[in-house]
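Next come the chains, spelled out residue by residue.
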Amino acid sequence: MAEAHPVGFRWVMKAKERGARIINVDPRYSRTSEIADHHVHIRAGTDIAFLGGLIRHVIETESYFREYVLHYTNASTIVGEQFQDAEDLGGLFSGFDPETGMYDRSSWNYEGGEMASAAGVREHASQAFDEQTGAGMHGGHFNRDETLEHPRCVFQILRRHFSRYTPEMVRDICGISVEDFHIVADALTENSGRERTTAFCYALGWTQHTAGVQMIRTAAILQLLLGNIGRPGGGIMALRGHASIQGSTDIPTLYDLLPGYLHMPRAGEGELDLETYIETGGAKRGWWSNFDKYIVSLLKAWFGEAATEENGYGFGAIPRIGANHSHFATTMRMLDGGVEGFFVMGQNPAVGSQHAGLQRRALAKLKWLVVRDLAEIETATFWRDSPEVQSGELRPQDIQTEVFLMPAASHIEKAGTFTNTQRLVQFRDKALEPLGDARSELWFMHHLAKRVMAHYAGSQRKRDWPIVNLTWDYPELGALREPDVEAVMKEVNGFEVATGRPVSSFAELKADGSTACGCWIYAGIFADGVNQARRRNPGHVHEPGGHVSPEWAWAWPANRRVLYNRASADPDGRPWSERKKYVWWDEDAGRWTGYDVPDFPVDKPPGYRASDEAEGMDAINGDDPFIMMADGRGWLYSPSGLLDGPLPTHYEPIESPVHNLLYPDRGADPAGIRWRRPENPLHATGDPRYPVVATTFRLTEHHTAGGMSRTLPWLGELQPEMFAEIDPVLARERGIEDGGWMTIVTDRAEIEARALVTERMRTLRIDGKPVHQVGLPWHWGYSGGYPGDSTNDLGALSGDPNVTIQESKAFTCDVRAGRRHAPSTVRLKGVSADVPRVAPNEDDRAAESPKEPAQ
């Protein structure tokens, strides 16, 4: 966090000054480790084993926050008899289909009722595009055992599931000493409970794995057991990689989401009309019962007067998705000639995406490519100077891709908002006019849309309806005709259709077409016609509750700073302690109050009890804090929503030098996505050619793939060359000298780097045997003022089954002394389909990329 998120780390330092204890768990000793009170080395990709060991410790030592767990989680809920755990089936949960590599999740349901996706948000598609989704929690009484003794209650299932995750098993899988394990376990339990809370901060070290979603789930289970969710100083903070990555998922750049985490309609689910879409996307119980208000208001924002009740508010014109259109799946279609054109904005896949050599080969199959950036990045020049061109595999005269390089304005040359890690939306004004032809993304998309709409004007074809009827009336300012960003914010905020009055919150949105709203979770950002994101009043930080600073900018939803903050009070509505007082029930006023906006119906008393027939928010009890979940509880066990298991379990990375100690016949996540193609060779588990674990990291001095930093001499001078961190033992074995050249090799590529022989990397003992790891920064590429080989050439395309993110934090390689002998990706030239690429484990699933017509 200190290295990759230094501005946010300022607050960690302030906490440390006040006595907070900082623990850093990382494969390498980093700038964060230097500041931390304790650093724990871990083998990359084994976090579930470590966190699972902590869960076992908390349960077996009875260190969990019992009252919180009993009342605020699903620990007491009884699971149906048909469920079988991975511990019973050798690493598989019940419902696994080896032919498809997917789960039928019906056996994971609670006893007494059917459970499906509880939070309107849909699961991201796997490569095979799983269409098993559901419609929230369907009715029914869910049996509970308040003693937590029933053998099929969630608590006992959790206890049995993690029973083998002993400190010794953690040592043998992760390389963490028993002593280090207990240091962390004791720190967590000592700093959790009524009087104290603990927070987890993570970034790509947890996400970029085939089990990334489940790693984060494991931390969520641990935090729920300790009572650290919905309380000040607790929670799990996802450190986003850019200033507004959070905003780009809220109003999404993701192919399967609409603004506000509403799911894209799916062709295979019969979502052909609005009524069916609402039924499958909403929920009968909990907050997602308001799903219809949010989608109708979104359609009114898009199509204005043309969106009527009679035509389903234009819902029929929204495209349906029927396949995986994530970045990697699109890359594979591109490689097969199935994609003609590609827009690249704020991205550099030629060196910044996993298996960058394959990315460049795919770019060469396009007809046209639009690149918008601050400089001429590698994605714009791949056709003339890529390693494949240098090796002769590709020839510029044979590449038909026409590249349009469009200069982009920087963040100080445009007005707009950043939405940061804590959902805080902060407005920024333009400081300078952009130079020359540089323009903002808003300008580019606005004027492109106007030209497209002019082209289709007057069309009577049904398929052109959404373009012809799109509302696009943003005022233009100045000589450059820049769209008024605050006008866009007003549309995002939402308004009454009849009067134009801005809504003050999403509670005012209606499903009858009388309101329009571009993103329901942002409703209120322009309340009273005032740009709330401009506010900069820190408040009286030394007064009780002053640290919340509710008038500093604006946080979604509803300017709420801590989600699920009803959990900061006990079941009767009283603060758990005076020290951790945050939101509480005011009996005299008959409402919830506190330092933050209550994340609960403000007038629902703690003693309210829902009837079995109740629906919507009436089905949520007065002591059920997790209102987005259909049962109002935090989920220790997930009966739906995840594609690879209701509980996290340890699987090895797809590429690993060792076999799975918990499930010897299982290896990697059986539901993980594997693109098995000659162009994407995978290393077999335990392949003796590749005994070293590679993991990637960022440097403070550079930004992502270097497009914004390697062009600047003052940053290039600070970190001028690609290097690799290697432990002294491995360096000595391979004859690699500190400061000398070394080569890192996989079946995809080989790259060269300067060797940094350092104790930052440590030889670990895994099941009694030494395992080495190398650390690789990924900021370099083959062009620019400070060129270097790209770490992203080394990895393979793979995917977490829930979100299709790659496994770049743990893959196998080999290292040798000296420089590489050829351009980095020449190893793949002419690769044969007959080359063995993965171990023939029964759980390995091919995720073939279908050849499709041009998109």
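Rules used throughout
- Residues numbered from 1 in each chain as written.
- Predicted model: local features only at pLDDT ≥ 70, side-chain atom pairs only at ≥ 80, totals over all residues.
- Heavy atoms only, no water.
- Buried < 20%, exposed > 50% of the residue type's maximum accessible area, 1.4 Å probe, protein only.
- Helix = DSSP H or I, 4+ residues; strand = E, 2+ residues; numbered from the N terminus.
- Contact = heavy atoms within 4.5 Å.
- Phe/Tyr/Trp six-rings, centres within 6.5 Å; stacked < 30°, edge-to-face > 60°.
- Salt bridge = Lys/Arg side-chain N within 4 Å of Asp/Glu carboxyl O.
- Core = buried A, V, L, I, M, F, W, Y, C linked by side-chain atoms within 4.5 Å.
- Patch = residues over 30% accessible without salt bridge, like charges linked within 9 Å, V, L, I, M, F, W, Y side chains within 5 Å.
- Areas by Shrake-Rupley, 256 points an atom, 1.4 Å probe, with all protein chains shown as cover.
- Pairing = 2+ DSSP bridges.
- pLDDT = per-residue confidence, 0-100.
- Axes fitted to C-alpha atoms, helices over the stretch in contact; angles between N-to-C directions.
- Polar contact = N/O pair within 3.5 Å; in protein donor to acceptor, adjacent residues only side chain to side chain.
- Parallel < 35°, antiparallel > 145°, perpendicular 65-115°, else oblique.
- Left-handed = near helix turned anticlockwise from the far one by under 90°.
- Nonpolar A, V, L, I, M, F, W, Y, C, P; charged D, E, K, R; others polar.
- Disulfide = S-S within 2.5 Å.

Enquirer: How would you explain helix H16 (residues 378-385) if you had to name every residue and give the values?
Expert: Among the eight residues of H16, six are classified as buried, and the element is accordingly described as predominantly covered. Every buried residue belonging to H16 is among Glu378, Thr379, Ala380, Thr381, Phe382 and Asp385, and all of these are buried. Packed against the buried residues of H16 are strand E11 (341-345), helix H14 (349-352), helix H15 (356-363), strand E12 (368-373), helix H17 (387-391) and strand E13 (402-407).

Enquirer: Please set out the packing of aromatic side chains residue by residue, giving values where relevant.
Expert: In the structure shown here, the tally under the stated rule is 39 aromatic pairs. With 4.9 Å between their ring centres and 40 degrees between their planes, Tyr277 and Phe315 make a pair best called tilted. Taken together, the residues span a long stretch of sequence, with Tyr277 in helix H11 (residues 274-281) and Phe315 in the loop between helix H12 (291-303) and helix H13 (327-335) at a distance of 38 residues. Residue classification places Tyr277 among the buried residues on the basis of a relative accessible area of 0%.

Enquirer: Residue-level account of the pattern of salt bridges, with values.
Expert: For the structure on display, the rule yields 48 salt bridges. For Glu393, the salt bridge is made with Arg361, and the minimal N-O distance between the two is 2.7 Å. Placement of Glu393 in the loop between H17 and E13 and of Arg361 in helix H15 is noted, with a sequence separation of 32 residues between them. Among the residues examined, Glu393 registers a relative accessible area of 25% and is labelled partly exposed.

Enquirer: Summarise the side chain of His5; cite the residues concerned and give the values.
Expert: One can find His5 in the segment before helix H1 (6-17). Under the relative-accessibility criterion, His5 is labelled buried at 14%. Residues within four places of His5 in sequence aside, it is in contact with Ala203, Leu239, Arg240 and Gly241.

Enquirer: Any details on the environment of Ala220? Residues and values, ideally.
Expert: The topology assignment puts Ala220 in helix H9 (residues 212-226). With relative accessibility at 19%, the residue Ala220 sits in the buried group. A sequence separation of 306 residues divides Ala220 from Phe526, and the C-alpha atoms of the two residues are 33 Å apart.

Enquirer: Any details on the nonpolar core? Residues and values, ideally.
Expert: Within soluble globular proteins, side chains that are nonpolar tend to cluster in buried spots. Membership of the largest hydrophobic core comes to 124 residues, with the highest contact counts inside it found for Leu225, Leu262, Ile295 and Trp520. In this structure Trp520 touches Gly260, Leu262, Trp287, Trp288, Tyr294, Phe506, Leu509 and Met628, once residues within four positions along its chain are discounted. Judged by nonpolar contacts, the second largest core, of 29 residues, contains Ala329, Met334, Leu335 and Ala362.

Enquirer: I'd like a description of a nonpolar patch on the surface, backed by residues and values.
Expert: A cluster of nonpolar side chains, contributed by Phe343, Met345, Trp368, Phe404, Met406 and Met445, occupies part of the molecular surface with about 490 Å² of accessible area. Those elements that provide at least two residues to the nonpolar patch are E11 and E13. Relative to the elements of secondary structure, Trp368 occurs in strand E12.

Enquirer: I'd like a rundown of the sheet that holds strand E14 (residues 416-419), residues and numbers included.
Expert: Two modes of strand pairing occur in sheets, parallel and antiparallel, and in both the strands are linked by backbone hydrogen bonds. Here three strands make up an open sheet; going across it, the order is E14-E15-E20 and the pairing antiparallel. Every interior strand has two partners, whereas the edge strands, E14 and strand E20 (554-555), have only one. Pairing of E14 with strand E15 (residues 424-428) involves four bridges; the strand directions are antiparallel. Bridged to Phe418 within E15 is Gln426.

Enquirer: Please provide a residue-by-residue account of the confidence of the model for the protein, values included.
Expert: Mean pLDDT over the protein works out to 92, with 93% of the residues at or above the 70 mark. Predicted confidence for residues 116-140 stays below pLDDT 50, and this span has 112 contacts to residues more than four positions away or in other chains. Note on residues 830-855: pLDDT under 50 across the span, and 67 contacts to partners over four residues away in sequence or across chains.

Enquirer: Give a description of unusual backbone geometry that names residues and reports values.
Expert: The residue after Trp556, namely Pro557, is reached through a cis peptide bond having omega -5 degrees. Summarising the element assignment, Pro557 is placed in the loop between E20 and strand E21 (583-586). A positive phi is found at Glu62, a non-glycine position, where the angle reads about 55 degrees. Topologically, Glu62 is positioned in the loop between helix H3 (47-60) and helix H4 (66-72). Judged by its relative accessible area of 62%, Glu62 falls in the exposed class. Although it is not a glycine, Arg423 adopts a positive phi angle of roughly 70 degrees. Tracing the sequence through the fold places Arg423 in the loop between E14 and E15.

Enquirer: Could you give an account of the sheet that holds strand E26 (residues 741-745), naming the residues involved and the relevant values?
Expert: Strand order in this closed barrel of six strands is E24-E30-E25-E27-E26-E32, and the pairing throughout is mixed. Across the sheet, the mean angle from the axis of one strand to that of its neighbour is 45 degrees, orientation sign disregarded. Examined bridge by bridge, E26 and strand E27 (residues 750-757) share five bridges and lie antiparallel to one another. Looking across to E27, one finds that Thr743 is bridged to Glu752.

Enquirer: Explain the environment of Ile55 to me, and be specific about the residues and the numbers.
Expert: Relative to the assigned elements, Ile55 resides in helix H3. When near neighbours in sequence (up to four residues on either side) are disregarded, Ile55 contacts Leu158, Phe162, Thr218, Ile221, Leu222 and Leu225.

Enquirer: Could you give an account of the environment of Lys580, naming the residues involved and the relevant values?
Expert: The topology assignment puts Lys580 in the loop between E20 and E21. By relative accessible area, which is 12% here, Lys580 ends up buried. Taking the C-alpha atoms as reference, Lys580 lies 7.2 Å from Arg196; in sequence the two are 384 residues apart. Those residues in contact with Lys580, other than ones at most four positions away along the chain, are Arg194, Glu195, Arg196, Thr197, Arg231, Pro232, Gly233 and Ser568. For Lys580, the side chain forms a polar contact with the side chain of Thr197, separated by 2.7 Å.

Enquirer: Which residues make up the pairing of E21, and what are the values?
Expert: Within a regular beta strand, the side chains point alternately toward one face of the sheet and then the other, so they alternate between its two faces. Judged from the four bridges that link them, E21 and strand E22 (residues 591-594) form a sheet pairing that is antiparallel. From the neighbouring strand, Trp585 faces E22, where its bridge partner is Trp592. Connecting E21 to the next strand, E22, in antiparallel fashion are four residues, including Gly590 with a positive phi near 70 degrees.

Enquirer: So what about the packing of H3 against H9? Which residues, and what values?
Expert: The axes of two packed helices give the description: the angle between them and the distance between them. Remark: H3 packs on H9, axes separated minimally by 9 Å, with the N-to-C direction vectors making an angle of 15 degrees. The angle between H3 and H9 places the two elements in the roughly parallel class. In the packing of H3 onto H9, the handedness of the crossing is left-handed. On H9, the residues touching Asp47, Ile48, Leu51, Gly52, Leu54, Ile55, Val58 and Ile59 of H3 are Gln214, Met215, Thr218, Ala219, Ile221, Leu222, Leu225 and Leu226. Looking at the contact of H3 with H9 residue by residue, the classes come out as twelve nonpolar, three polar and one charged.

Enquirer: Please set out the state of the cysteines residue by residue, giving values where relevant.
Expert: Structurally, a disulfide amounts to a covalent bond that connects the sulfur atoms of two cysteines. With the rule as written, the count across this model stands at zero disulfides. No disulfide involves Cys174; its sulfur sits 20 Å from the nearest other cysteine sulfur, which is in Cys813. A relative accessible area of 0% places Cys174 in the buried class.

Enquirer: Now, about the packing of H13 against H15: what can you tell me, with residues and values included?
Expert: Running from amino to carboxyl end, H13 crosses H15 at an angle of 50 degrees, the nearest separation of the two axes being 8 Å. Classed by the angle they form, the pair H13 and H15 counts as oblique. As for the relative orientation of H13 and H15, their crossing is left-handed in sense. Within the contact between the two elements, H13 uses His327, Phe328, Thr331, Met332, Met334 and Leu335 and H15 uses Leu358, Gln359, Arg361, Ala362 and Leu363. Each residue belonging to the contact of H13 with H15 can be placed in one class, and the counts come to seven nonpolar, three polar and one charged.

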